[in-house]
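Examining the three-dimensional arrangement
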Amino acid sequence: MMVLGLTGGVGAGKSRILELFSKDYGAQMIQADLVARKLEDPGQPGLAGLVSLFGTGILQKDGTLDRKGFAERIFGNPEALKRVNALIHPLTWNEIKRQIRESSADLIVVEAALFDERSREVCQYLLYVDTQDEIRIQRLMENRGYSRGKCLDIMKNQADRSRFLELADFVIDNSGSLEESRQQIRQILKKTGYDNGPEEV
Ligand SMILES: CC(C)(COP(=O)(O)OP(=O)(O)OC[C@H]1O[C@@H](n2cnc3c(N)ncnc32)[C@H](O)[C@@H]1O)[C@@H](O)C(=O)NCCC(=O)NCCS
Ligand SMILES: Nc1ncnc2c1ncn2[C@@H]1O[C@H](COP(=O)(O)OP(=O)(O)OP(=O)(O)O)[C@@H](O)[C@H]1O
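Residues numbered from 1 in each chain as written. Chains lettered and ligands numbered in written order. Predicted model: local features only at pLDDT ≥ 70, side-chain atom pairs only at ≥ 80, totals over all residues. Heavy atoms only, no water.

Now for the site of ligand 1. Near ligand 1 lie 18 residues; those nearest to it are Arg37, Glu40, Arg67, Lys150 and Asn157. In this structure, His89 approaches ligand 1 through a side-chain N or O atom, which is 3.2 Å from an oxygen atom. Calculation on ligand 1 without its partners gives an accessible area of 870 Å², and the protein chains cover 73% of this total. Broken down by secondary-structure element, the contributors of at least two residues to the shell around ligand 1 are α2 (32-39), α4 (67-75), α5 (78-101) and α7 (148-157). Broken down by element, the shell around ligand 1 gets its largest block of residues, 5 residues, from α4. Split by domain, the residues of the shell around ligand 1 number at least three in each of domain 1 (1-27 + 107-201) and domain 2 (34-104). (Near = heavy atom within 4 Å. Polar contact = N/O pair within 3.5 Å; in protein donor to acceptor, adjacent residues only side chain to side chain. Areas by Shrake-Rupley, 256 points an atom, 1.4 Å probe, with all protein chains shown as cover. Helix = DSSP H or I, 4+ residues; strand = E, 2+ residues; numbered from the N terminus. Domains from an automatic or database assignment.)

What follows concerns the domain arrangement of the protein. Domain annotation for the protein reports domain 1 (1-27 + 107-201) and domain 2 (34-104). The C-alpha centroid of domain 2 is placed 23 Å from the C-alpha centroid of domain 1. Each partner contributes to the interface: domain 1 provides 12 residues, whereas domain 2 provides 9 residues. Note on domain 1 versus domain 2: buried area summed over both sides is about 840 Å², and carbon and sulfur give 72% of it. Of all residues in domain 1, Met1, Arg118 and Val122 give up the largest surface area on contact with domain 2, accounting jointly for 46% of the area buried on that side. The interface formed by domain 1 and domain 2 holds 1 salt bridge in total. For Glu121, the salt bridge goes to Lys97, with nearest N and O atoms at 2.9 Å. Counting across the domain 1 and domain 2 interface gives 1 residue pair in polar contact (both at pLDDT 80 or more). A breakdown of the residues in the side of domain 1 that touches domain 2 according to their chemical character gives 8 nonpolar, 2 polar and 2 charged. (Contact = heavy atoms within 4.5 Å. Buried area = accessible area lost by both parts, 1.4 Å probe. Salt bridge = Lys/Arg side-chain N within 4 Å of Asp/Glu carboxyl O. Nonpolar A, V, L, I, M, F, W, Y, C, P; charged D, E, K, R; others polar.)

Lining the immediate environment of ligand 2, one finds 16 residues, of which Lys14, Ser15, Arg16, Asn143 and Arg144 sit closest. In the environment of ligand 2, an oxygen atom lies 3.0 Å from a nitrogen or oxygen atom belonging to the backbone of Gly13. Ser15 places a polar side-chain atom, nitrogen or oxygen, 2.8 Å from an oxygen atom of ligand 2. Protein contact buries 80% of the 630 Å² of open area that ligand 2 shows by itself. Of all elements in the fold, only α1 (14-25) and α6 (133-144) reach the threshold of two or more residues within the shell around ligand 2. Broken down by class, the residue content of the shell around ligand 2 amounts to 3 nonpolar, 8 polar and 5 charged.

Burial runs high along strand β3 (residues 107-111): 5 of the 5 residues are buried. The alternating pattern of β3 places Leu107, Val109 and Glu111 and Ile108 and Val110 on opposite faces, both of which are buried. As paired elements, strand β1 (residues 2-7) and β3 share 5 bridges and run parallel to each other. Bridge pairing in β3 links Leu4 to Val109. Here strand β2 (residues 28-31) pairs with β3 via 4 bridges, running parallel. Bridge pairing in β3 places Ile30 opposite Val110. (Buried < 20%, exposed > 50% of the residue type's maximum accessible area, 1.4 Å probe, protein only. Pairing = 2+ DSSP bridges.)

Further remarks concern the side chain of Asn174. Checked against the element boundaries, Asn174 lands in the loop between β5 (170-173) and α9 (178-192). For Asn174, a relative accessible area of 3% translates into the label buried. Looking at Asn174, its side chain comes within polar contact range of the side chain of Ser181, at 2.9 Å. Those residues in contact with Asn174 that sit more than four places away from it in its chain are Ala12, Gly13, Ile17, Val129, Asp130, Thr131, Arg139 and Ser181.

The space that makes up the second largest pocket amounts to roughly 250 Å³. As for the second largest pocket, its lining consists of 16 residues, and the residues nearest its centre are Tyr128, Asp133, Arg136, Asp160 and Arg161. Along the lines of polarity and charge, the residues of the lining of the second largest pocket split into 4 nonpolar, 5 polar and 7 charged. (1 Å grid on protein atoms, 1.4 Å probe; cavity = no way out; pocket = protein on both sides within 12 Å on 5 of 7 lines; lining within 4 Å. Points joined across faces, edges and corners; volume = space filled by probe spheres on them.)

Okay, here's the thing in structure tokens:
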């Protein structure tokens, strides 16, 4: 089994690249934000932890997290964001590790917005999806209806490109077409010794 980590800034194309790994190589996909989201469901340890940090005011009437209100509260407040991350990230990584332990897949790709030294315990190689800022902004404005301001706001809260490059073993330049990215994936898998060639579609 080989486990790869896939990271990059908002709108870089992580989810699209992840799909290519699944389509071409049958990789199992794990998305950290979905794992984190489940941990924030009622009865789950993430939500219990958030309530003990911030009180029941973060809940809606039905007991679920008020995601919009909570996002506004933490993304404008670095101190609060730090506390949330310190709680949610370890829980998320533990759950990802559990899923990997229980998997029998040959190839697993874990997508997460940020990797750190801990990710090394989980992934053999880290891949950084590198896409020019202006192209990310255009794609997010066109496809997700984000404003330029919102894109810049999220981008400035995320790690620098230099930090990603420092961590990554391989870079996928996704500023061009998905077909170009697909070729780069192929080359990377060859370098890791994994590539058996794409499955017939
Ligand atoms: C705060 C939470 C509940 C909000 O979740 P939600 O489902 O609404 O979606 P999402 O994460 O896309 O955020 C919603 C909105 O917040 C804004 N936003 C998101 N990320 C950022 C950021 N890094 N900086 C500024 N604004 C941001 C955007 O306007 C976005 O549309 C969620 O982001 C969360 O639990 N975050 C902390 C845990 C974490 O980091 N998880 C990631 C995987 S480990
Ligand atoms: N090579 C490409 N060519 C054209 N459009 C692309 C390409 N790669 C990604 N996109 C589009 O750009 C947008 C952002 O891509 P995607 O959702 O995969 O990014 P992401 O890095 O997963 O974002 P987030 O950080 O928000 O999870 C999507 O609308 C996607 O369809």
